[in-house]
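Single-letter residue listing:
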Amino acid sequence: MKLAYIFFFLFIVVAQSLTPRQWSEDRIIYQILTDRFASGSSDSCGNLSDYCGGNYNAAIDHLDYIAGMGFNAIWISPIVHNSKGGYHGYWFDDLYKLNEHFGTSDDLKAFVNACHSKGIAVMVDVVNNHVGPAGATPSQNNPFNQESYYHSDCQITDWNNQNQVENCRLANLPDLAQENAFVKDTLYKWVGDIIQEYGFDGVRLDTVPEIPKWFWADYRSHAGVYTLGEVFNGDVGYVSQYQSVLDGLFSYPMKFTLDKVFGQQQSMNQIQSQMSAYSSFSDLTLLGSFLDNHDNARFLSFQGDHQLLKSALAYMLTSVGIPVYYYGTEQGFNGGSDPNCREDLWRSGYNTNTDLYKFTKTVVEFRKSQKFSQQEQIQRYSDDNFYAFSRGKVFVALTNVGSNGGKEHRTITYHPYSNGQKICNLFYPNSDTITVENNKFDVWLIGGEQKIYYPC
């Protein structure tokens, strides 16, 4: 009884206290696919196109693996019942049943409570645009079992046609008509109900531009928690308009820029250009910064140099926005397009001694300890092969030359430090120290390394 009371108390405190601003101030998200994070097995999944056995109970046993890297939020897959083969959660066929492959209602509550007891917030993935594959008339869907609840059977063929994007089918999935009062009211009520029932702290919203903005404006108030929306598009102007109706959006334009700058080793000046364009967003601190996710080929699938991956991760984990880190990156997973980028994590043995796990832990813990998430990101140097910026008194220096790139040397004259200030490199604080003299200091990056300096 006492233990149950403690869990209940933690649930109430955490679930009610996280405003969007608090998410941006100190939360760093670790994304999992529920079916792929933990199953209780150690055998690799043989078919990544179907269920692999991941579940809530097994996930509880590996929360320390996540917390060990410093992450204090977790994004899980959609929880609802899915059509056959919907291991990912995006094909719901019954809004009022849970996906039995992941566990029962009590299992889900136990998982959320276990997260909260470790100080980990839980973000749930939600689909409002479509239902699972069902042909022309998904009459078996609950509760959307009438033809009037759907748009006509047309396919999205022109992503520049917003009317088509909002009213036709994505990948031939039956498209819900949110203008129908029953559909709208049901989706609004349902999200509030599950947040109250399970104590979720945030909501990740799938397929945002496929639904009119007016729907999202009211949806946010019904959810009552931080909303982070997916607008799968590289156009800043297009993506940023949705921040008028949602708290945050995934930083897809910058993700594509990082792929070019570090993955393809194109000019680093593209970061400067993209950051200039980001003035279109109303609040950069509420954006979800990411490199890999379940919908895109992993970085290491097209760029095998781990130094370049670490440089991209260093930018993502220290730049403005809420970092969203995809499971398996810390194990060097290199799967290509879906479903290959959705590997089971247990094949790694949850190894906490990999170089990438340790690197991630170092940077994540540093971000939390330095508390610079609300500090402006100021560019300090930019050219084709070197980029530096600061957040408060933290100075980040990166290069895209990779592990075979030799030495990159720059003299920094625009920085946040006073003469005489001693600064230390996060990765070698005892051996790599600099004292600012004559309003400048030199930075050397050898073999594609990353450096993060702070006053010491």
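Look up a bit, the structure's there.
Please read all numbers here as calculations on a predicted model, not as lab measurements. (Residues numbered from 1 in each chain as written. Predicted model: local features only at pLDDT ≥ 70, side-chain atom pairs only at ≥ 80, totals over all residues. Heavy atoms only, no water.)

Draft legend 1. Molecular detail of the overall build of the protein chain. Per the secondary structure count, the protein chain includes 15 helices and 18 strands. In terms of overall size, the protein chain behaves like a compact globule, its C-alpha atoms giving a radius of gyration of 22 Å where 456 residues would be expected to give roughly 23 Å. Expressed along its principal axes, the backbone C-alpha trace of the protein chain runs to roughly 75 × 55 × 40 Å. A total of 456 residues make up the protein chain; the buried ones form 59% of that total. For the protein chain, long-range pairs separated by at least 24 residues make up 70% of all intrachain contacts whose partners lie at least 6 apart in sequence. Separation between the mean location of the 33 positive side-chain charges and that of the 48 negative ones in the protein chain comes to 8 Å. (Helix = DSSP H or I, 4+ residues; strand = E, 2+ residues; numbered from the N terminus. Rg over C-alpha atoms; globule rule 2.2 N^0.38 Å. Buried < 20%, exposed > 50% of the residue type's maximum accessible area, 1.4 Å probe, protein only. Contact = heavy atoms within 4.5 Å. Lys, Arg positive; Asp, Glu negative; His and termini not counted. Charge placed at Lys NZ, Arg CZ, Asp CG, Glu CD.)

Draft legend 2. The state of the cysteines, seen in detail. Within the structure shown, the criterion is met by three disulfides. Through a disulfide, C154 is tied to C168; the S-S separation comes to 2.0 Å. Since a negative S-S torsion denotes a left-handed disulfide, the C154-C168 link at about -95° is left-handed. Of this pair, C154 sits in the loop between strand 5 (121–126) and helix 7 (162–167) while C168 sits in the loop between helix 7 and helix 8 (181–198), placing them 14 residues apart in sequence. When the cysteines of the protein chain that form disulfides are numbered from the N-terminus onward, they connect as 1-2, 3-4, 5-6. We note that C341 lacks a disulfide partner, and the nearest cysteine sulfur, in C52, lies 13 Å from it. Judged by its relative accessible area of 0%, C341 falls in the buried class. (Disulfide = S-S within 2.5 Å.)

Draft legend 3. Examining the sheet that holds strand 15 (residues 422–425) more closely. Taken in spatial order, the six strands of this open sheet run 11-12-13-18-15-16, and their pairing is antiparallel. A strand with exactly one partner marks an edge of an open sheet, and here the two such strands are strand 11 (377–382) and strand 16 (433–435). The average angle at which neighbouring strand axes cross in this sheet is 25°, direction not considered. When strand 13 (residues 394–399) meets strand 18 (residues 451–455), the two strands line up antiparallel, connected through three bridges. The residue of strand 18 that forms the bridge with F395 is Y453. Of the strands in this sheet, strand 11 and strand 12 (386–391) touch helix 12 (residues 269–277), which is tilted by about 150° from strand 11. Against the sheet, helix 14 (residues 306–318) contacts strand 11, strand 12, strand 13 and strand 18, and its axis sits at roughly 150° relative to strand 13. (Pairing = 2+ DSSP bridges. Axes fitted to C-alpha atoms, helices over the stretch in contact; angles between N-to-C directions.)

Draft legend 4. Summary view of the nonpolar core. Membership of the largest hydrophobic core comes to 111 residues, with the highest contact counts inside it found for Y30, I76, I79, F111, F200, F262 and Y315. If near-sequence neighbours (up to four positions away) are discounted, Y315 is found in contact with M254, L258, F262, I271, M275, Q377, Y387, F389 and L398. (Core = buried A, V, L, I, M, F, W, Y, C linked by side-chain atoms within 4.5 Å.)

Draft legend 5. Up close: the packing of aromatic side chains. Tallying each qualifying case throughout the model produces 41 aromatic pairs. With a centroid separation of 6.2 Å and 75° between ring planes, the pair formed by F37 and Y350 is classed as edge-to-face. Taken together, the residues F37 in helix 3 (residues 34–37) and Y350 in the loop between strand 10 (322–326) and helix 15 (355–370) connect sequence positions 313 residues apart. Neither F37 nor Y350 differs from the other in exposure class; each is buried. Judged by centre distance (5.3 Å) and plane angle (50°), the ring pair of Y65 and Y357 falls under tilted. Of this pair, Y65 sits in helix 5 (residues 63–67) while Y357 sits in helix 15, and the two are 292 residues apart along the sequence. A residue is classified by how much of its surface remains accessible, and Y357, at 4% relative accessible area, is buried. Through a chain of ring-to-ring contacts, the aromatic side chains of Y30, F37, Y65, F71, Y325, Y350 and Y357 assemble into a single cluster. (Phe/Tyr/Trp six-rings, centres within 6.5 Å; stacked < 30°, edge-to-face > 60°.)

Draft legend 6. Local environment of helix 15. Here helix 15 spans 23 Å end to end across 16 residues, near enough to the 22 Å set by a 1.5 Å rise per residue. Of all the positions in helix 15, only L356, Y357, F359, T360, V363, V364, F366 and R367 are classed as buried. In the segment just after helix 15, K371 is the residue with positive phi, at about 50°. (Expected span 1.5 Å × (residues − 1).)

Draft legend 7. Local environment of the sheet that holds strand 6 (residues 202–205). Pairing is parallel across the open sheet formed by eight strands, whose spatial order is 8-7-6-5-2-1-10-9. Edge positions in the sheet fall to strand 8 (248–249) and strand 9 (288–290), since each has one partner strand and no second. Where strand 5 and strand 6 come together, four bridges link them in parallel fashion. Following the sheet pairing, D125 is matched in strand 6 by R204.

Draft legend 8. Highlighting the side chain of K255. By the secondary structure assignment, K255 is in helix 11 (residues 252–263). Those residues in contact with K255 that sit more than four places away from it in its chain are F290, L291 and N296.

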